[in-house]
Amino acid sequence: MAEPEPKTVQDLTAVVQTLLQQMQDKFQTMSDQIIGRNILFFKIVSLNSTELDDMSCRIDDLEKNIADLMTQAGVEELEGENKTPATNKS
């Protein structure tokens, strides 16, 4: 149902103020939704970054432990993936 047309300046002012308030409310709602989505996105990215850093540290530790075990077992790393027993040099 259409509202009656404003007849006076005061009526026109009230209609314009109502429209502006409605637009402001819609804009605020959309802004809040966008900000909420961005915060959620950054929390997810932040968690993933933390998890990746943790995984990187674990992999570094694993590589160091493997190298230590290879040294203890007398295995030397050659070019590529070939491993041979260390030879005693006399």
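As the structure is a computational prediction, the values presented were derived from the model and not from experiment.

S.K.: Help me understand the overall build of the chain, please; the structure alone is not making it clear to me.
M.R.: Along the chain, the regular secondary structure elements total one helix and two strands. The N-to-C order of helical and strand elements in the chain reads α-β-β. By residue count, 2% of the 90 residues in the chain fall in the buried class. Total accessible area on the chain stands at roughly 8,800 Å², and carbon and sulfur atoms take up 60% of it.

S.K.: Help me understand a nonpolar patch on the surface, please; the structure alone is not making it clear to me.
M.R.: Judged by side-chain polarity, Leu12, Val16, Leu20 and Met23 come together as a nonpolar surface patch covering roughly 390 Å² of accessible area. Among the structural elements, methionine 23 can be located in helix α1 (residues 9-73).

S.K.: Teacher, can you tell me more about the confidence of the model for the chain here?
M.R.: Should pLDDT be low for a region, the predicted coordinates there are not to be read in detail. Taken as a whole, the chain shows an average pLDDT of 79; of its residues, 73% reach a score of 70 or greater. No element of the chain has a lower mean pLDDT than strand β2 (residues 83-85), at 51, and none a higher one than α1, at 86.

S.K.: In this structure, what is going on with the pattern of salt bridges? I would like to understand it.
M.R.: Pairing between side chains of opposite charge can happen when the charged atoms of each approach one another. Enumeration over the complete set of coordinates arrives at two salt bridges. Put simply, arginine 58 and aspartate 54 hold a salt bridge, and the shortest N to O gap is 3.6 Å. Of this pair, arginine 58 and aspartate 54 both sit in helix α1, four residues apart, which is roughly one turn of that helix. Owing to a relative accessible area of 54%, arginine 58 belongs among the exposed residues under this scheme.

Rules and cut-offs
- Residues numbered from 1 in each chain as written.
- Predicted model: local features only at pLDDT ≥ 70, side-chain atom pairs only at ≥ 80, totals over all residues.
- Heavy atoms only, no water.
- Helix = DSSP H or I, 4+ residues; strand = E, 2+ residues; numbered from the N terminus.
- Buried < 20%, exposed > 50% of the residue type's maximum accessible area, 1.4 Å probe, protein only.
- Areas by Shrake-Rupley, 256 points an atom, 1.4 Å probe, with all protein chains shown as cover.
- Patch = residues over 30% accessible without salt bridge, like charges linked within 9 Å, V, L, I, M, F, W, Y side chains within 5 Å.
- Salt bridge = Lys/Arg side-chain N within 4 Å of Asp/Glu carboxyl O.
- pLDDT = per-residue confidence, 0-100.

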